[in-house]
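The lines below spell out each chain.
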Amino acid sequence: MPPMIDRVILAKWEARLGLSPTRTYRVKRSQITSSYKRLSHIAGYCEADDTIYYSRKLDEWTIVHELLHKKYPELSHREVKKLTDETMSRERN
C-alpha cells in the first residue's frame, strides 16, 4: 500500500514556506465524529497541536494548502485556497 502522505513533498514545502516540521496523523473512518460523517474524506490542519489530520492520500496541492493554513492562520479558508492555487501555479511555471 502506498504511503498516504509523501514525506519528501511535505519536507520540501515546509522548507520553502519557512515552517518547522509538521506532525501528521491518519484518521480512520471510525474516528470521524458526527458533524463530519457526511464527508467521504477529511484533511485539515490543527494549530493547537501543529498536526495535519487526514483520511485519504494527500496530493501535493492538499499538502501545500494545509501548510499555508499553518503559515497564515489568520486567513479564511477561501483566501488559503486562492493562495494555494497561486502557489501551485507558480510552481508549474
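Residues numbered from 1 in each chain as written. Predicted model: local features only at pLDDT ≥ 70, side-chain atom pairs only at ≥ 80, totals over all residues. Heavy atoms only, no water.

1. Thoughts on unusual backbone geometry
A negative phi angle characterises most non-glycine residues, just as the trans form characterises most peptide bonds. Unlike most non-glycine residues, D50 shows phi in positive territory, near 50°. You can see D50 is positioned in the loop between β2 (43–46) and β3 (51–54). (Helix = DSSP H or I, 4+ residues; strand = E, 2+ residues; numbered from the N terminus.)

2. Some remarks on the packing of helix α2 (residues 60–71) against helix α3 (residues 77–92)
Direction vectors running N to C along α2 and α3 enclose 130°, while the axes themselves pass 9 Å from each other. The angle between α2 and α3 falls in the class oblique. Judged by the sense of rotation from one axis to the other, the crossing of α2 with α3 is right-handed. Between α2 and α3, the contacting residues are E60, W61, V64, H65, L68 and H69 on the first element and H77, V80, K81, L83, T84, D85, T87 and M88 on the second. (Axes fitted to C-alpha atoms, helices over the stretch in contact; angles between N-to-C directions. Parallel < 35°, antiparallel > 145°, perpendicular 65-115°, else oblique. Left-handed = near helix turned anticlockwise from the far one by under 90°. Contact = heavy atoms within 4.5 Å.)

3. As for the packing of aromatic side chains
In the structure shown here, the tally under the stated rule is 1 aromatic pair. Ring centres of Y25 and Y53 lie 5.7 Å apart, and the angle between their planes is 65°; this geometry places the pair in the edge-to-face category. In this pair, Y25 is assigned in strand β1 (residues 23–26) and Y53 in strand β3, connecting sequence segments 28 residues apart. The positively charged end of R16 is found above the aromatic ring belonging to W13, 5.0 Å away from the centroid. (Phe/Tyr/Trp six-rings, centres within 6.5 Å; stacked < 30°, edge-to-face > 60°. Lys NZ or Arg CZ within 6 Å of the ring centre and 35° of its normal.)

4. Structural notes on helix α1 (residues 7–16)
Listed as buried for α1 are L10, W13 and E14. Down the axis of α1, the smallest arc covering the buried residues is 105°, so these residues share one side. Turned more than 90 degrees away from the buried face of α1, the exposed residues are V8 and A15. The backbone nitrogen of V8 has a side-chain oxygen 2.9 Å away, supplied by the residue at the start of α1, namely D6. Downstream of α1 by a residue or two, G18 has a phi angle that is positive, lying close to 70°. (Buried < 20%, exposed > 50% of the residue type's maximum accessible area, 1.4 Å probe, protein only. Arc of directions from axis to C-beta. Polar contact = N/O pair within 3.5 Å; in protein donor to acceptor, adjacent residues only side chain to side chain.)

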